[in-house]
Amino acid sequence: MDALATRGSVDRIPVLIAASLASATGAIIFNTLPIILGVLGATRGFDETALGLLASAFLIGAFLAVVSALFWVDRLPWRPVMAGAATVSLVASFALPFVQSAEIMAFALAALGF
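Residues numbered from 1 in each chain as written. Predicted model: local features only at pLDDT ≥ 70, side-chain atom pairs only at ≥ 80, totals over all residues. Heavy atoms only, no water.

Caption draft 1: Examining the layout of surface pockets more closely. What the largest pocket holds in volume is close to 1000 Å³. If you trace the largest pocket, you find 34 residues lining it, with A22, S23, M82, A85 and F114 closest to the centre. Breaking the lining of the largest pocket down by element, the ones donating at least two residues are α2 (13–44), α3 (48–72), α4 (78–95) and α5 (102–113). At ten residues, α2 tops the list of elements feeding residues into the lining of the largest pocket. Along the lines of polarity and charge, the residues of the lining of the largest pocket split into 28 nonpolar, six polar and no charged. (1 Å grid on protein atoms, 1.4 Å probe; cavity = no way out; pocket = protein on both sides within 12 Å on 5 of 7 lines; lining within 4 Å. Points joined across faces, edges and corners; volume = space filled by probe spheres on them. Helix = DSSP H or I, 4+ residues; strand = E, 2+ residues; numbered from the N terminus. Nonpolar A, V, L, I, M, F, W, Y, C, P; charged D, E, K, R; others polar.)

Caption draft 2: Main features of the environment of V91. Mapped onto the elements of the fold, V91 is located in helix α4. Judged by relative accessible area, which is 54%, V91 ranks as exposed. Here the alpha-carbon distance between V91 and A69, two residues 22 residues apart in the chain, equals 21 Å. (Buried < 20%, exposed > 50% of the residue type's maximum accessible area, 1.4 Å probe, protein only.)

Caption draft 3: Highlighting the nonpolar core. L37, L40, F46, L54, M105 and L112 are the most contacted members of the largest nonpolar core, which has 20 residues in total. Residue assignment for this core shows that the elements contributing at least two residues are α2, α3 and α5. Beyond its immediate chain neighbours, meaning those up to four positions away, L112 contacts I29, F58, S89, A92, S93 and L96. (Core = buried A, V, L, I, M, F, W, Y, C linked by side-chain atoms within 4.5 Å. Contact = heavy atoms within 4.5 Å.)

Caption draft 4: A nonpolar patch on the surface, seen in detail. A cluster of nonpolar side chains, contributed by I60, F63, L64, V67, L70, F71 and F114, occupies part of the molecular surface with about 760 Å² of accessible area. Using a relative accessible area of 31% as the deciding quantity, one classes V67 as partly exposed. (Patch = residues over 30% accessible without salt bridge, like charges linked within 9 Å, V, L, I, M, F, W, Y side chains within 5 Å. Areas by Shrake-Rupley, 256 points an atom, 1.4 Å probe, with all protein chains shown as cover. Salt bridge = Lys/Arg side-chain N within 4 Å of Asp/Glu carboxyl O.)

Caption draft 5: Representation of the packing of α4 against α5 in the model. Contact pair α4 / α5: the axes reach a minimum separation of 8 Å and the direction vectors enclose 150 degrees. In terms of axis orientation, α4 runs roughly antiparallel to α5. Note on packing geometry: the crossing formed by α4 with α5 is left-handed. Residues V88, S89, A92 and S93 of α4 form the contact with α5, whose participating residues are A108, A111 and L112. (Axes fitted to C-alpha atoms, helices over the stretch in contact; angles between N-to-C directions. Parallel < 35°, antiparallel > 145°, perpendicular 65-115°, else oblique. Left-handed = near helix turned anticlockwise from the far one by under 90°.)

Caption draft 6: Summary view of α5. For α5, built from twelve residues, the straight-helix expectation of 16 Å at 1.5 Å per residue is met to within 8% by its first-to-last C-alpha distance of 16 Å. Within the span of α5, buried status applies to A102, M105, A106, A108, L109, L112 and G113. Looking straight down α5, one finds its buried side chains confined to an arc of 165 degrees; they lie on one side. Opposite its buried face, α5 presents the exposed residues E103, I104 and F107, each directed more than 90 degrees away. Among the structural elements, α2, α3 and α4 are those in contact with the buried residues of α5. (Expected span 1.5 Å × (residues − 1). Arc of directions from axis to C-beta.)

Caption draft 7: Molecular detail of α2. Taking 1.5 Å of rise per residue, 32 residues should cover 46 Å, and α2 covers 43 Å from first to last C-alpha, within 8% of that figure. Those residues of α2 that are buried lie in contact with α3, α4 and α5. Residue G45 follows α2 closely and has a positive phi angle near 75 degrees.

This is the structure in structure tokens:
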């Protein structure tokens, strides 16, 4: 048996692949955030303060996900957690075009970052 199969559930190959995909998705959103914010500023008329709030909300969500993972990553099954996170991200992504308020959009971006 190889070393990854004999250790804890977090060390298995499927878990590492799922975590890598989740991390890559977050990186893609982070890298396209200037484009998203530029479009929001142009189409919704948000000023620099509101756009800064939106960018900060996404980063705060990502930060909270990383910090809170220290407490739940070994205690919860990874498949339901990944399914729940993907569902929240999809709902937040699809809700963004319909939200007009910068404050509510900040919550959606924080959920997307988480």
